[in-house]
Amino acid sequence: MNTENLFKTARSCGCEILMNEPLCGHTTFKIGGNCTAMIEVNSRESLRLLLDAARADRVRTFVLGKGSNVLFDDEGFEGVVLHISGEMSEIRLLGETTVYAQAGCSLMKLCRFALENSLTGLEFAYGIPGTVGGAVFMNAGAYGGEIKDVIKYCSVVNVRGEIEKLTVEQLGLSYRHSSIQENGAIVCDAVFELRKGDRAEIESKMNELMGKRKDKQPIEFPSAGSTFKRPTGFFAGKLIDDCGLRGFKVGGAQVSEKHCGFVINVDNATSADVKLLIRQVQKNVQEKTGQFLECEVRIIPFKEEED
Ligand SMILES: Cc1cc2nc3c(=O)[nH]c(=O)nc-3n(C[C@H](O)[C@H](O)[C@H](O)COP(=O)(O)OP(=O)(O)OC[C@H]3O[C@@H](n4cnc5c(N)ncnc54)[C@H](O)[C@@H]3O)c2cc1C
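My aim in this report is to walk through the structure given alongside it, one point at a time. Bear in mind the structure is a predicted one, so any value in this text is a computation, not a measurement. Position numbers for residues start from 1 in each chain and track the written sequence from start to end. With the structure being a predicted model, the display of local features is reserved for residues of pLDDT at least 70 and the display and counting of side-chain atom pairs for 80 or more, all residues being used for whole-chain, interface and lining totals.

**A look at the sheet that holds strand β1 (residues 17-19)**
Line of reasoning, step 1. Strand order in this open sheet of 4 strands is β1-β2-β5-β3, and the pairing throughout is mixed. Taken across any chain shown, the strands that pair with only one partner, and hence form the sheet edges, are β1 and β3 (61-64). The average undirected angle you get between the axes of adjacent strands in this sheet is 20°.
Line of reasoning, step 2. Two strands are counted as paired when DSSP detects at least two bridges linking them. The secondary structure listing takes helices from DSSP runs of H or I that are at least 4 residues long and strands from runs of E that are at least 2 residues long, numbered from the N terminus. Bridge count between β3 and strand β5 (residues 77-83): 4 bridges; the pairing is parallel. For Thr61, the partnering residue across the bridge sits in β5 and is Val80. To define axes, lines are fitted to C-alpha atoms, for helices over the stretch in contact only, and angles between the resulting N-to-C directions are given on a 0 to 180 degree scale.

Below, the structure is given as structure tokens:
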């Protein structure tokens, strides 16, 4: 892998390069070996140039936000991680009820900005620990709301290296799915259309939902949130519980006792522990209930050949 030109581009854009960066420090699972390098992306134009350079030299890349929905390999990631986070987290009002946020802005910051401006619509997202880019990619949602309900459009770098504006229709958002999961576009920023609301009501709703999270979810342990997607007509956690798998462990990974839909890292779990646990839960649930639990967490292999 010839990263010379990519690193040269990063340096000329003023992006920091971290060599052999441990990925466990960049994921909420606290799991993952080192990547070849991580580049802290600092602007939309830098992102475009970096992706161009990587494509030209066939350097394998992975775009990472807050790492709250990924499971890296114990060996790490053979390639360059483009980290879109704090250095691309600008947020501002475009109109009375329209909010612009860069892809690296955290959903928490976005929600607090909405609250400060008495804008309603994003309460559901309060407590989701991802970035705007990761949330668009996943069509993140909770408590009856999802990104699809509030996003107007976003700009992406498409696979041809062009900056393109995608409307909500073009994003093809559905349950934990977006068209960019297939077309490889990278989100640079997004524009949300909210509504004027009552500040106290918005705050109380956010606090109520955060309270529910704390009550129901094992947020005291590292995890990537709900491990599985909800099969139509069922709840993953209930199916897992009904199969007697509450608290089921493989190495340091465990089906949470508090919420069976979460696989948690209780004791220095390896990526292999989590993957084996996931497979065993899937097999058991399929055999006993006939339901297949599709993994919501993105499992990222060490090498390209395994993709
Ligand atoms: C305790 C906990 C609770 C959670 N609760 C919820 C919940 O209620 N609802 C919910 O939907 N999710 C929830 N999640 C999962 C997670 O927070 C969301 O999926 C979130 O949207 C992921 O954002 P991220 O920035 O962390 O993405 P990452 O984990 O960094 O990446 C996830 C995927 O998005 C891609 N990606 C990231 N940034 C971009 C970008 N700029 N452009 C293109 N692709 C990109 C990555 O390549 C990767 O494939 C929870 C997770 C945890 C740990």
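**What to know about the sheet that holds strand β7 (residues 98-102)**
By definition, the strands of a sheet pair up through backbone hydrogen bonds, in either a parallel or an antiparallel sense.
Line of reasoning, step 1. Taken together, 5 strands build an open sheet; the order of strands is β6-β7-β13-β11-β12 and the sheet is antiparallel. Of all strands in the sheet, those with a lone pairing partner are β6 (91-93) and β12 (163-167), marking the two edges. The average angle at which neighbouring strand axes cross in this sheet is 20°, direction not considered.
Line of reasoning, step 2. With 5 bridges connecting them, strand β11 (residues 151-157) and β12 associate as antiparallel partners. Across the sheet, residue Cys154 finds its bridge partner in β12, namely Leu166.
Line of reasoning, step 3. In this fold helix α2 (residues 44-56) packs onto β11, β12 and β13 (186-193), with an angle of close to 150° to the strand it touches most, β13. Note that contacts rest on C-beta atoms placed from the backbone: two residues are in contact if these are within 7 Å.

**Comments concerning the environment of Ser12**
Line of reasoning, step 1. Here Ser12 shows up in helix α1 (residues 4-13).
Line of reasoning, step 2. Using a count of 11 C-beta atoms within 10 Å as the deciding quantity, one classes Ser12 as exposed.
Line of reasoning, step 3. Ser12 sits 34 residues away from Ser46 along the chain, and the two C-alpha atoms are 9.1 Å apart. Exposure classification rests on a simple neighbour count of other C-beta atoms within 10 Å of a residue's own: a residue reaching 20 or more is buried, one at 12 or fewer is exposed, and one in between is partly exposed. C-beta atoms are placed from the backbone.

These values are about where atoms sit, not about what they do.
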